[in-house]
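So the chains spell out like this:
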Amino acid sequence: MRNEPKEIPVYVFMGFLGSGKTTFAVDTLVRQGFTESTPTLLLAFEDGEIEYDVKELEEENIHLEIIEEEDFTSEKLLELGRKYNPENVMIEYNGMWELDRLFQIKVPAGWTVIQVISFVDATTFDLYVNNMKKIMMDQLRNADMIIFNRCDENTKTAEYRRSIRAVNRRAQVIFEDKDGKPMDMNEEIVLPYDIDSDVIELGEEDFGLFYIDAADNPDKYLGKKIKFKAQAHRPSNYKSNEFVPGRFAMTCCADDIAFIGFKSYYKGAKTLKDRDWVIVEGTIQKEFYPEFQGEGPVIYADSVSMTGPAADDLVYFN
């Protein structure tokens, strides 16, 4: 009988230089004893502002390897796997490198990415989004957890959270103050529509906030009647009675546009064409969404009627 390779969990830390990756790694691996002294390989792809204490790491059975860009190959990873035979692998990834390289490279048998954490310096977030949009957005889209550090009372936490939720539904978003302590985020979206009315009627500009709030709180909308204007989209793998009514939304910056919407069921869906403007009336239910890694809203439409375009092609999250 062939023995299957043992699963070795791989944890990836992403972020630009100075975003807090090394500080987090040291605190997690050494001070919190995350790996419980089991053999661990720590791969670092850049020299950060904070240096690792090699002796301190070795006391926890953690082996540090600094990888230069030209050495980031399948052969090098296989060599290190044989050398250390780790039970855990931690990767501090260089924030300036394309992420495709990390996810496409062949790794030793059994290495499995368990969690991807992206670190963001809140004081430079807007600057990086405006000047290095693609790299920043790749980090945000691929993360399971996003940690904004160095936050203060002026940090646009609500705006940042809503923008990220529009492009990455599964990620947990955490804000930390300048001392590294989690900030109390009991902020509540002020909704511009009446959720307790017999029928929730969304204004043309309300869809963005509805999308965020309903996705975060599907039970709050369960069984509610709703009416709204949207554009139709029919993915190629959808059945004849399925489509997505949604809107194009501005996320983190003016050049980053995403189509957002919820799966809907309607008997005449197959007659709809992409980007048709429609008025949808129906009832909100919920079902499992793979991209949410949990349940999310769906709409059972009673009627879908053609209409003219909205005054603004885009919706926003404020």
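For the structure itself, look to the data block above.
The structure presented is a predicted model; accordingly, all values stated were derived computationally and were not measured. (Residues numbered from 1 in each chain as written. Predicted model: local features only at pLDDT ≥ 70, side-chain atom pairs only at ≥ 80, totals over all residues. Heavy atoms only, no water.)

> Could you give an account of the overall build of the chain, with specific residues and numbers?
Helix and strand counts for the chain come out as 9 helices and 15 strands. With the principal axes as the frame, the chain shows a C-alpha extent of 65 × 55 × 35 Å. Across the chain, the fraction of contacts at a sequence separation of at least 24, relative to all contacts at a separation of at least 6, is 71%. Counting only carbon and sulfur atoms, one obtains 45% of the accessible surface of the chain, whose full area is about 16400 Å². One way to put it: in the chain the 36 positive side-chain charges average out to a point 7 Å from where the 59 negative ones average out. (Helix = DSSP H or I, 4+ residues; strand = E, 2+ residues; numbered from the N terminus. Contact = heavy atoms within 4.5 Å. Areas by Shrake-Rupley, 256 points an atom, 1.4 Å probe, with all protein chains shown as cover. Lys, Arg positive; Asp, Glu negative; His and termini not counted. Charge placed at Lys NZ, Arg CZ, Asp CG, Glu CD.)

> Describe the pattern of salt bridges, naming the residues involved and giving the relevant values.
For the coordinates displayed, the defined rule picks out 13 salt bridges. The residue Lys 224 makes a salt bridge to Asp 196 at a minimum N-O spacing of 3.9 Å. Of this pair, Lys 224 sits in the loop between α9 (218-221) and β9 (225-233) while Asp 196 sits in the loop between β7 (172-177) and β8 (199-201), placing them 28 residues apart in sequence. Residue class for Lys 224 comes out partly exposed when judged on its relative accessible area of 22%. Linking Glu 204 and Lys 229 is a salt bridge whose minimum nitrogen-to-oxygen distance equals 2.9 Å. You can see Glu 204 sitting in the loop between β8 and α8 (207-216) and its partner Lys 229 sitting in strand β9, a full 25 residues away along the chain. Using a relative accessible area of 28% as the deciding quantity, one classes Glu 204 as partly exposed. A relative accessible area of 16% means that Lys 229 is categorised as buried. (Salt bridge = Lys/Arg side-chain N within 4 Å of Asp/Glu carboxyl O. Buried < 20%, exposed > 50% of the residue type's maximum accessible area, 1.4 Å probe, protein only.)

> Describe the pairing of β7, with residues and values.
As paired strands, strand β6 (residues 145-151) and β7 are joined by 5 bridges and run parallel to one another. Across the sheet, Ile 146 pairs through a bridge with Val 173, a residue of β7. (Pairing = 2+ DSSP bridges.)

> An account of the sheet that holds strand β4 (residues 88-92) is needed here, citing residue identities and associated values.
Strand order in this open sheet of 7 strands is β3-β2-β4-β1-β5-β6-β7, and the pairing throughout is parallel. The sheet terminates laterally at β3 (62-66) and β7, the two strands that pair on one side only. Taking the axes of each pair of neighbouring strands and ignoring which way they run, one obtains an average angle of 20° across the sheet. When strand β1 (residues 8-14) meets β4, the two strands line up parallel, connected through 4 bridges. Along β4, the bridge assignment pairs Val 10 with Val 89. (Axes fitted to C-alpha atoms, helices over the stretch in contact; angles between N-to-C directions.)

> Describe in detail α8, supporting the description with residues and values.
Counting buried residues along α8, 9 of its 10 residues qualify, which places the element largely inside the surrounding structure. Residues of α8 that are buried include every one of Phe 207, Gly 208, Leu 209, Phe 210, Tyr 211, Ile 212, Asp 213, Ala 214 and Ala 215, and no others.

> How would you summarise unusual backbone geometry if you had to cite specific residues and measurements?
With a phi angle near 65°, Asn 61 is a residue other than glycine that sits in the positive phi range. Along the chain, Asn 61 turns up in the loop between α2 (54-59) and β3. Notably, Asn 85 is not glycine yet its phi reads approximately 45°, a positive angle. Along the chain, the position of Asn 85 falls in the loop between α3 (74-84) and β4. On the accessibility criterion, Asn 85 (57% relative accessible area) is exposed.

> Which residues make up the packing of aromatic side chains, and what values go with them?
The full count for this structure, using the stated rule, is 23 aromatic pairs. A ring pair is formed by Phe 24 and Phe 119, whose centres lie 4.9 Å apart and whose planes are at 55°; its orientation type is tilted. One end of the pair, Phe 24, is in helix α1 (residues 21-31); the other, Phe 119, is in strand β5 (residues 111-121), with 95 residues separating them in the sequence. Here a set of aromatic residues connected by ring pairs shows up, and it is made of Tyr 193, Phe 207, Phe 210, Tyr 211, Tyr 221, Phe 228 and Phe 262. Of note, Lys 263 hangs over the ring of Tyr 238, and the distance from its end group to the ring centre comes to 5.3 Å. (Phe/Tyr/Trp six-rings, centres within 6.5 Å; stacked < 30°, edge-to-face > 60°. Lys NZ or Arg CZ within 6 Å of the ring centre and 35° of its normal.)

> Quick rundown of the nonpolar core? Include the residues and the values.
By size, the foremost hydrophobic cluster in this structure holds 40 residues, and its most contacted members are Leu 43, Phe 72, Ile 91, Tyr 93 and Phe 148. Ignoring anything within four residues of it in the chain, the contact list for Phe 148 reads Val 120, Ala 122, Phe 125, Tyr 160, Ile 164, Val 173, Ile 174, Phe 175 and Glu 176. Residues Ile 212, Ile 260, Tyr 265 and Val 315 belong to the second largest nonpolar core, which totals 34 residues. (Core = buried A, V, L, I, M, F, W, Y, C linked by side-chain atoms within 4.5 Å.)

> Describe the layout of surface pockets, and please don't skip the residues or the numbers.
Empty space within the largest pocket amounts to approximately 480 Å³. Lining the largest pocket are 29 residues; nearest its centre among them are Gly 20, Lys 21, Thr 23, Phe 24 and Asn 149. Those elements giving two or more residues to the lining of the largest pocket turn out to be α1, β5, β6 and β7. The leading source of residues in the lining of the largest pocket is α1, at 6 residues. The class makeup of the residues in the lining of the largest pocket is 8 nonpolar, 11 polar and 10 charged. (1 Å grid on protein atoms, 1.4 Å probe; cavity = no way out; pocket = protein on both sides within 12 Å on 5 of 7 lines; lining within 4 Å. Points joined across faces, edges and corners; volume = space filled by probe spheres on them. Nonpolar A, V, L, I, M, F, W, Y, C, P; charged D, E, K, R; others polar.)

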